[in-house]
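Structure at a glance
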Amino acid sequence: MNEMEDKPIKVLLVEDNPGDARLIREMLSEARSAQFDLKYADLLSTGLERLAAGEVDVLLLDLLLPDSHGLNTFARAYAQAPEIPIVVLTGIDDDTLAVKAVHEGAQDYLVKEQLDGNLLERSIRYAIERKRAVEQIKASLREKEILLRELHHRVKNNLQIICTLLYLQSGYIKDKEAFEMFRDSQNRIKSMALIHDKLYKFKDLGKIDIAEYIRELATDLFHSYGVKPDGIKLRINVHEVLLGVDTAIPIGLIINELVSNSLKHAFPDGKKGTIRVELLRSVNENSFTLIVGDNGLGFPKDLDFRNTGTLGLQLVITLVEQLKGTIELDRSRGTEFKITFSEVY
Ligand SMILES: Nc1ncnc2c1ncn2[C@@H]1O[C@H](COP(=O)(O)OP(=O)(O)O)[C@@H](O)[C@H]1O
Ligand SMILES: [Mg+2]
């Protein structure tokens, strides 16, 4: 029933001691559970050549060879053929070394003095099966990663389509206030689309390089509000931070609202100034401070920012709560919002 039972298992033995090699050949020729087709190399270099040529199901590897010693021998063989199961076969009875070898990817570690035919046979067959299972899991993981990237790509495309539809529709609006509402909605959706854009492009799946995201988001917003090059300046100071999607989406939306507000309200009548976005990681790695501020005309004195009755800041307050974070407003120099939060899981 098992294909191994009909087809001989191709074993490559790399061993410089002819006595040990003969012993192993005898053990394998007497094996009952499978047929073994043994090839032999007495140097690591010839062993590597045979590995490169293919046609090997399993590698039996001595660590002490004329041209290589210790775990380095294993590392070189593994690098040559990471998909081939390797059973280390050595005279060195050393537990620490054995654990290290297995940790680095060896399937087994056998000590020559304790070797017998049954043990060798079983070790080889298990090594092949285990390696096969691991390769299958790896392949299925790669497949899921590809699917997930594809999914983020599609979500991004769909959000972009919604954005375009809103944009086209807004072309028919005569009322300035309604037009601005449409623009706000477009920017909110764009800030989410950008998250999915970053998600499928980033090497570390599921994470977002938030520094890059903030730069792009803020630049997009300046564009959207038609800021002139000599008008409002943008200063960004962001630590290299990777955030998961559940944190990045609310943070993206918060930044979108606050930067939009600075662009919309802080510098009326073409006044000049600076908008600042900072994201700093605290010493305890897991907590962050986000600052969005401007040196414009200042937040209205009679307005409670937690209770404006307008959608933008209401959204910000709700998102900060969702992140279990805190928000403060400093009105001493223009308008500065300071938000602290931790990564949510
Ligand atoms: N950076 C800022 N500078 C001055 N005023 C601001 C600033 N941010 C917000 N405001 C004031 O807070 C109000 C509420 O903001 P928001 O809830 O985002 O609604 P909207 O932006 O649609 O007016 C704004 O209308 C504006 O008067
Ligand atoms: Mg607003």
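The text that follows walks through the structure, step by step, so that each part is easy to find. Note that the coordinates shown come from a computational prediction; the quantities given were computed from them, not determined experimentally.

Rules used throughout
- Residues numbered from 1 in each chain as written.
- Chains lettered and ligands numbered in written order.
- Predicted model: local features only at pLDDT ≥ 70, side-chain atom pairs only at ≥ 80, totals over all residues.
- Heavy atoms only, no water.
- Helix = DSSP H or I, 4+ residues; strand = E, 2+ residues; numbered from the N terminus.
- Buried < 20%, exposed > 50% of the residue type's maximum accessible area, 1.4 Å probe, protein only.
- Contact = heavy atoms within 4.5 Å.
- Lys, Arg positive; Asp, Glu negative; His and termini not counted.
- Charge placed at Lys NZ, Arg CZ, Asp CG, Glu CD.
- Near = heavy atom within 4 Å.
- Polar contact = N/O pair within 3.5 Å; in protein donor to acceptor, adjacent residues only side chain to side chain.
- Areas by Shrake-Rupley, 256 points an atom, 1.4 Å probe, with all protein chains shown as cover.
- Nonpolar A, V, L, I, M, F, W, Y, C, P; charged D, E, K, R; others polar.
- Pairing = 2+ DSSP bridges.
- Axes fitted to C-alpha atoms, helices over the stretch in contact; angles between N-to-C directions.
- Core = buried A, V, L, I, M, F, W, Y, C linked by side-chain atoms within 4.5 Å.

Helices and strands together make up the secondary structure of the chain, namely 10 helices and 12 strands. Going through the 345 residues of the chain one by one, you find that 44% of them count as buried. Considering only intrachain contacts with a sequence separation of at least 6, the fraction spanning at least 24 residues in the chain is 69%. Across the chain, 45 positive and 54 negative side-chain charges occur, with their mean positions spaced 8 Å apart.

For the rest of this paragraph, the subject is the site of ligand 1. Residues in close proximity to ligand 1 total 15 residues, the closest being Asn 261, His 265, Asp 294, Thr 310 and Leu 313. Within the backbone of Gly 312, one N or O atom sits 3.5 Å away from an oxygen atom of ligand 1. Take Leu 313: an N or O atom from its main chain is 2.8 Å from an oxygen atom of ligand 1. Protein chains shield 83% of the accessible area of ligand 1, which is 540 Å² for the free molecule. Broken down by secondary-structure element, the contributors of at least two residues to the shell around ligand 1 are α9 (245–266) and α10 (311–322). Of the residues that constitute the shell around ligand 1, the class distribution is 5 nonpolar, 8 polar and 2 charged.

Right, let's get into the sheet that holds strand β10 (residues 287–294). With mixed pairing, 5 strands are arranged side by side in an open sheet as β7-β9-β10-β12-β11. Strands with a single pairing partner mark the edges of an open sheet, and in this sheet they are β7 (232–238) and β11 (326–330). Adjacent strand axes in the sheet meet at a mean angle of 10 degrees, parallel and antiparallel pairs treated alike. Here 7 bridges tie strand β9 (residues 273–281) to β10, and the two strands are oriented antiparallel to one another. Across the sheet, Leu 279 pairs through a bridge with Leu 290, a residue of β10. Relative to β7, helix α8 (residues 210–224) is tilted by about 170 degrees, and along the sheet it contacts β7 and β9.

It is worth spelling out unusual backbone geometry at this point. Of note, Glu 55 is a non-glycine position whose phi angle comes to about 60 degrees, a positive value. Within the secondary structure layout, Glu 55 lies in the loop between α3 (44–53) and β3 (58–61). Phi at Lys 324 takes a positive value of approximately 55 degrees, unusual for a residue other than glycine. Examined against the element boundaries, Lys 324 turns out to sit in the loop between α10 and β11.

A few words on the nonpolar core. Within the largest apolar cluster, 46 residues are counted, with the highest numbers of intra-cluster contacts made by Ile 210, Ile 254, Leu 290 and Phe 341. Among the elements that take part in this core, α9 stands out by supplying 10 residues, more than any other.

Checked against the element boundaries, Ser 260 lands in helix α9. Among residues more than four places away in sequence, those in contact with Ser 260 are Leu 221, Tyr 225 and Ile 255.

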